[in-house]
Amino acid sequence: MKLLYWLLVFQSAILYSECALPKKTLEWWQTSLIYQIYPRSFKDSNGDGVGDIAGISQKLTYLKQLGVGAIWLSPIFTSPMVDFGYDISNYREIEPIFGTMEDFDIMLRKAHRKGLKVILDYVPNHTSDKHEWFQKSVKSIKPYTHYYIWKDAKYVKGKRHPPNNWISAFGKSAWEWNEERGQYYLHQFAVQQPDLNYRNPVVYEEMKNILIYWLDKGVDGFRLDAVNFIYEDKNYPDEPLSNKPNVRPEEYEYLNHIYSVNQEETYKVLQDWRAILDKYSKRGRERFMMSEAYADLDTVMKFYGTKENPAAHLPFNFLFIDTLKRSSNGTNVAQQIQSWYSKMPSYGWANWVIGNHDNSRPASRYGQYLIDGLHMIQLLLPGTPIVYNGDELGMEDTFIRWDQTVDPRALYAGPYRYLEFSRDICRTPFHWDDSENAGFTTGLNTWLPVNPGYWKVNVQEQSKIANRITHLQVFREIARLRKNIVFQKGDFHMNVIDEWILVFFRTFVDHSTFIVAVNFGSEIIITDLQKTRPSLPDTLKVVVPSVNSDYQIGQVISTNNIKLRPKAGIVMTTSEVDMEADDSTHPPGMIATTTTASPIKNTTETSNDGNDHED
């Protein structure tokens, strides 16, 4: 055992990354924590079992205290809700399920008064088949005749077939026959989501004007959904087989999608939209755009545009979601971090995503005990963290029975394979307290079932616990720590120790050095950080420990004897922590980082309902 100990201590560290950040003034989207709200599941204000805009307004204080700088709302526009808002029938109106335009205006004003930016989810690739444009296009009414992609059938031995072999992202053919028009239309997602025709200049102008409409209303930016789908090869050839094993012919992965996504014209659209946003921008109020494209890294980097003609401020970074597994080690994580930095253009800015409304929750993918360490990495790396609502609590996936399933992607898969494709599992109602339906609604029913663990995994419970640290308390401390100038503008150095421990250092001239260490392994590992960085002092101070770390805030520990439990994480510093003078975002009753060895706890009685009592 003694030999093993010294092997661990003297294990040489592998240097993966070293970079310096620009020292210029940063924009709000570079310093903010962006928080994704899935409106149907965040807070229901009227008891109908579906979250709404008024519910979001009630919880703005919670978000501010959490350390959020901007909220991104999944679609709130008028929709038949086949794909729960991603099938839009009117881009300029609010879906009545979520409220009214007045509700939105009130929420926007309240958010801005609290210093919160508001980002809308914009769906540019397709509309609902209930949209007026599509209804008139079916009838070939000008100017809507060619608003969508219509193609004649292909006949083989007198039998009608789609124009090509393309498969929808939800499975089965991407083409649907319309009897009235006598043609097929393209739908790269659900049948009820026909693709727009961006080669039609009138459509191009329509979609640009929708952005302008919402900019005029005062929104701060947009998240662009599935942007890599908006153009297709104009010749519409068959796509080659992917030859991936165990994939059925009707599944999306059966083909190699070289003609239906990631076409060069796409980047020009984003550059045009960015130019519009830049015209609306001013110092401190830059209008912002982030793009969603599940693609290889080289392709994703194209969504930055060029230095002369920028596109998205942030192309979503899905490396943690796409490539990391429960069995991944520190080396795997470091490689993904390094791959983004090495590919990112010099004028780019990084972002980090570990969860969203389309994927299994990180607490389920990686395990409940690793969630704090993942948040330490996500929030304290150089770049912008984008956090999905509920992940700060360590919410897990909810089992959804087939008879409860509403996600069209899962329904397409059928009763025997629906769980492989279901997004319902991560979209269940937010947990505010331990009352009936987790405080999400006063009604009897919810649109999706509440996770059965809500009674202990909720805001109220994780805010008031005094004898142990909770995920929410840890998250708040990390988010607060992120406001330190060292994390805003400091340099970054990353190492891996003993294959399993990821360590990175954040430094800024004349300020304390911060060290983040996360053990991805299944055993306790003891390490000597001075072997990795000889300039470190003999002792370090704990700033934020994970719930399972066995450390306390303010505890002084030996630099050459850092013990990390399995899946534990810890943030340390070389001296006193110099936080921002303005601590208005810190929730009442939460202890800030101190110099005494005491756990995070409440010291005063405070409301834990998460409600906005200001107005």
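Residues numbered from 1 in each chain as written. Predicted model: local features only at pLDDT ≥ 70, side-chain atom pairs only at ≥ 80, totals over all residues. Heavy atoms only, no water.

1. Some words on the packing of helix α8 (residues 201–217) against helix α9 (residues 265–280)
Okay, step 1: Their axes nearest at 11 Å, the elements α8 and α9 cross at an angle of 30°. Here α8 is positioned roughly parallel relative to α9, judged by the angle of their axes. Crossing geometry of α8 relative to α9 is assigned as right-handed. Of the residues in α9, those in contact with Tyr204, Met207, Lys208, Leu211, Ile212, Leu215 and Asp216 of α8 are Lys268, Val269, Asp272, Trp273, Ile276, Leu277 and Tyr280.
Okay, step 2: Classifying every residue of the contact of α8 with α9 gives 10 nonpolar, no polar and four charged. (Axes fitted to C-alpha atoms, helices over the stretch in contact; angles between N-to-C directions. Helix = DSSP H or I, 4+ residues; strand = E, 2+ residues; numbered from the N terminus. Parallel < 35°, antiparallel > 145°, perpendicular 65-115°, else oblique. Left-handed = near helix turned anticlockwise from the far one by under 90°. Contact = heavy atoms within 4.5 Å. Nonpolar A, V, L, I, M, F, W, Y, C, P; charged D, E, K, R; others polar.)

2. A word on the sheet that holds strand β15 (residues 351–353)
Okay, step 1: A sheet is described by the order of its strands in space; here eight strands give the open sequence β14-β13-β12-β6-β3-β2-β16-β15, paired in parallel fashion. Only two strands of the sheet have a single partner each, and these edge strands are β14 (314–315) and β15.
Okay, step 2: Where β15 lies against strand β16 (residues 384–388), three bridges are found, and the strand directions are parallel. Considered in β16, the bridge of Trp352 is made with Pro385.
Okay, step 3: Of the strands in this sheet, β15 and β16 are in contact with helix α14 (residues 371–380), which crosses β16 at around 140°. (Pairing = 2+ DSSP bridges.)

3. Focus: the nonpolar core
Okay, step 1: Tyr35 and Ile337 are the most contacted members of the largest nonpolar core, which has 126 residues in total.
Okay, step 2: Ranked by residue count, the leading element in this core is α8, at seven residues.
Okay, step 3: The contacts of Ile337, once residues within four sequence positions are left out, are Phe320, Trp352, Ile377, Leu381, Phe492, Met494 and Leu502.
Okay, step 4: Membership of the second largest hydrophobic core comes to 17 residues, among which are Phe505, Ala517, Leu529 and Leu564. (Core = buried A, V, L, I, M, F, W, Y, C linked by side-chain atoms within 4.5 Å. Buried < 20%, exposed > 50% of the residue type's maximum accessible area, 1.4 Å probe, protein only.)

4. Describing the packing of aromatic side chains
Okay, step 1: Applying the stated criterion to the full structure yields 45 aromatic pairs.
Okay, step 2: Note on Tyr198 and Tyr204: the rings are 6.4 Å apart at their centroids and 75° apart in plane angle, and the pair reads as edge-to-face.
Okay, step 3: Judged by relative accessible area, Tyr198 falls into the buried class, the value being 3%.
Okay, step 4: A relative accessible area of 19% means that Tyr204 is categorised as buried.
Okay, step 5: Above the face of the Tyr412 ring, Lys172 is positioned so that its terminal group lies 5.9 Å from the ring centre.
Okay, step 6: Against the face of Phe505 rests Arg533, its NZ or CZ located 4.7 Å from the ring centre. (Phe/Tyr/Trp six-rings, centres within 6.5 Å; stacked < 30°, edge-to-face > 60°. Lys NZ or Arg CZ within 6 Å of the ring centre and 35° of its normal.)

5. Observations concerning the pattern of salt bridges
Okay, step 1: In this structure the tally under the stated criterion is 27 salt bridges.
Okay, step 2: Residue Arg199 is joined to Glu265 by a salt bridge in which the shortest nitrogen-to-oxygen separation is 2.5 Å. One end of the pair, Arg199, is in the loop between β11 (183–186) and α8; the other, Glu265, is in helix α9, and 66 residues separate them in sequence.
Okay, step 3: Since its relative accessible area comes to 34%, Arg199 is described here as partly exposed.
Okay, step 4: Put simply, Arg361 and Asp391 hold a salt bridge, and the shortest N to O gap is 2.7 Å. Here Arg361, found in the loop between β15 and α13 (362–365), pairs with Asp391, found in the loop between β16 and α15 (408–413); they are 30 residues apart in sequence, far enough to count as distant.
Okay, step 5: You can call Asp391 buried: its relative accessible area is 2%. (Salt bridge = Lys/Arg side-chain N within 4 Å of Asp/Glu carboxyl O.)

Any link to function would need more than the numbers given here.
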